Amino acid sequence: MLVLFIILICYLIGAVPFAFITTQLITGKDVRKYGSGNVGATNASRLLGFKFGVLVALLDIFKGYIAVLIANFFLADMPIYYLLLASLAVIIGHNWSVFLKFSGGKGVATTVGVLLRLLPVAFLIYALIWIFVIILSKYVSLGSIMAAMSLPLTFFFYTEEAIYIVFAIIIALFVIARHYSNIQRLLKGEERKINFSLLVNKGDG
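Residues numbered from 1 in each chain as written. Predicted model: local features only at pLDDT ≥ 70, side-chain atom pairs only at ≥ 80, totals over all residues. Heavy atoms only, no water.

1. Notes on unusual backbone geometry
Then comes step 1: A positive phi angle is found at K101, which is not glycine, with a value near 55°.
Then comes step 2: Even without a glycine there, the phi angle at K138 is positive, about 65°.
Then comes step 3: Structurally, the position occupied by K138 is in the loop between helix 7 (120-137) and helix 8 (140-158). (Helix = DSSP H or I, 4+ residues; strand = E, 2+ residues; numbered from the N terminus.)

Structure, rendered in structure tokens:
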């Protein structure tokens, strides 16, 4: 019962839609009706500007981190796969939030928070690849996809247990699957590039 309760708590933490809440509070708008329709930091930044986009990203990272921290505290003496299930639950909560009728974001920032707690090296590699690809391509989606694809290999080199590799594959597939429409647009050359100057200046005047 404790395991199921902790997994549920992690899901509910992940389900808190910070992009939706922040956008509603500041603009009164539903972030799902603008831009990509995604409930995440990148889409929120299109309405709120760079600073609030960063805030949303940090909040999404924090909920991933705190959920795993809580799960680790209560499940420390149990088999590791319970902790990994709880870690998956927070990402699932973000992607399919019960508070938004099971719509949500793409899980990138929340995954970062999970990695930061579980395996900081994986977080660092993930973040560096994400930043590097975005700077080169100006596609946030491509950066997210490439960073996710690095996870199984990173976990393979830094852990010995197969369950961690399976976990890395699952969360990578989550990120890639949630970017399906972005992949389609990338292949067609229709994906929207990020405009760094516009993001930084928007709403800051």
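2. Notes on the packing of aromatic side chains
Then comes step 1: Inspection of the entire model under this criterion finds 6 aromatic pairs.
Then comes step 2: Measuring from ring centre to ring centre gives 5.0 Å for F73 and F74, while their planes differ by 85°; the resulting arrangement is edge-to-face.
Then comes step 3: Classification of F74 as partly exposed rests on a relative accessible area of 42%.
Then comes step 4: With centroids separated by 5.9 Å and ring planes inclined at 80°, the aromatic side chains of W96 and F174 adopt a geometry described as edge-to-face. Taken as a pair, W96 in the loop between helix 5 (80-95) and helix 6 (108-118) and F174 in helix 9 (residues 162-178) lie far apart in primary sequence, 78 residues in all.
Then comes step 5: A residue is classified by how much of its surface remains accessible, and W96, at 31% relative accessible area, is partly exposed.
Then comes step 6: Since its relative accessible area comes to 18%, F174 is described here as buried.
Then comes step 7: Counting every residue linked through ring pairs, the aromatic cluster contains F155, Y164 and F167. (Phe/Tyr/Trp six-rings, centres within 6.5 Å; stacked < 30°, edge-to-face > 60°. Buried < 20%, exposed > 50% of the residue type's maximum accessible area, 1.4 Å probe, protein only.)

3. Description of the nonpolar core
Then comes step 1: In terms of nonpolar packing, the biggest core is built from 37 residues, with C10, Y126, F155 and F167 touching the most fellow members.
Then comes step 2: Those elements that place two or more of their residues in this core are helix 1 (2-15), helix 4 (50-75), helix 5, helix 6, helix 7, helix 8 and helix 9.
Then comes step 3: A per-element tally of this core places helix 9 first, with 8 residues.
Then comes step 4: Every residue in contact with Y126, bar those within four places of it in the chain, is listed here: V108, T111, V112, L115, S144, A147, A148, S150, L151 and V175.
Then comes step 5: In this structure, V31, A41, A44 and L47 belong to the second largest nonpolar core, which totals 11 residues. (Core = buried A, V, L, I, M, F, W, Y, C linked by side-chain atoms within 4.5 Å. Contact = heavy atoms within 4.5 Å.)

4. Some words on a nonpolar patch on the surface
Then comes step 1: Where nonpolar side chains cluster on the molecular surface, the patch consists of L8, L12, W96, V98, F99 and F102 and spans about 540 Å² of accessible area.
Then comes step 2: Along the polypeptide, F99 turns up in the loop between helix 5 and helix 6. (Patch = residues over 30% accessible without salt bridge, like charges linked within 9 Å, V, L, I, M, F, W, Y side chains within 5 Å. Areas by Shrake-Rupley, 256 points an atom, 1.4 Å probe, with all protein chains shown as cover. Salt bridge = Lys/Arg side-chain N within 4 Å of Asp/Glu carboxyl O.)

5. Looking at helix 9
Then comes step 1: Counted at 1.5 Å a residue, the expected span for helix 9 with its 17 residues is 24 Å, and the 25 Å between its end C-alpha atoms agrees.
Then comes step 2: Of the positions making up helix 9, those classed as buried are Y164, I165, F167, A168, I171, A172, F174 and V175.
Then comes step 3: As for helix 9, its buried residues are in contact with helix 5, helix 6, helix 7 and helix 8. (Expected span 1.5 Å × (residues − 1).)

6. Looking at the packing of helix 9 against helix 10 (residues 180-188)
Then comes step 1: The contact between helix 9 and helix 10 brings their axes to 4 Å, and the two run at 60°. The angle between the axes of helix 9 and helix 10 places the two elements in the oblique class. Of the residues in helix 10, those in contact with I176, A177 and R178 of helix 9 are Y180, N182 and I183.
Then comes step 2: Residues of the contact of helix 9 with helix 10, tallied by class, amount to 4 nonpolar, 1 polar and 1 charged. (Axes fitted to C-alpha atoms, helices over the stretch in contact; angles between N-to-C directions. Parallel < 35°, antiparallel > 145°, perpendicular 65-115°, else oblique. Nonpolar A, V, L, I, M, F, W, Y, C, P; charged D, E, K, R; others polar.)

7. What to know about helix 5
Then comes step 1: Taking 1.5 Å as the rise per residue, helix 5 with 16 residues should run 22 Å; its terminal C-alpha atoms sit 23 Å apart, in good agreement.
Then comes step 2: Taken together, the buried positions of helix 5 are occupied by L83, L84, A86, S87, L88, A89, V90, I91, G93, H94 and N95.

None of this, on its own, says anything about what the molecule does.
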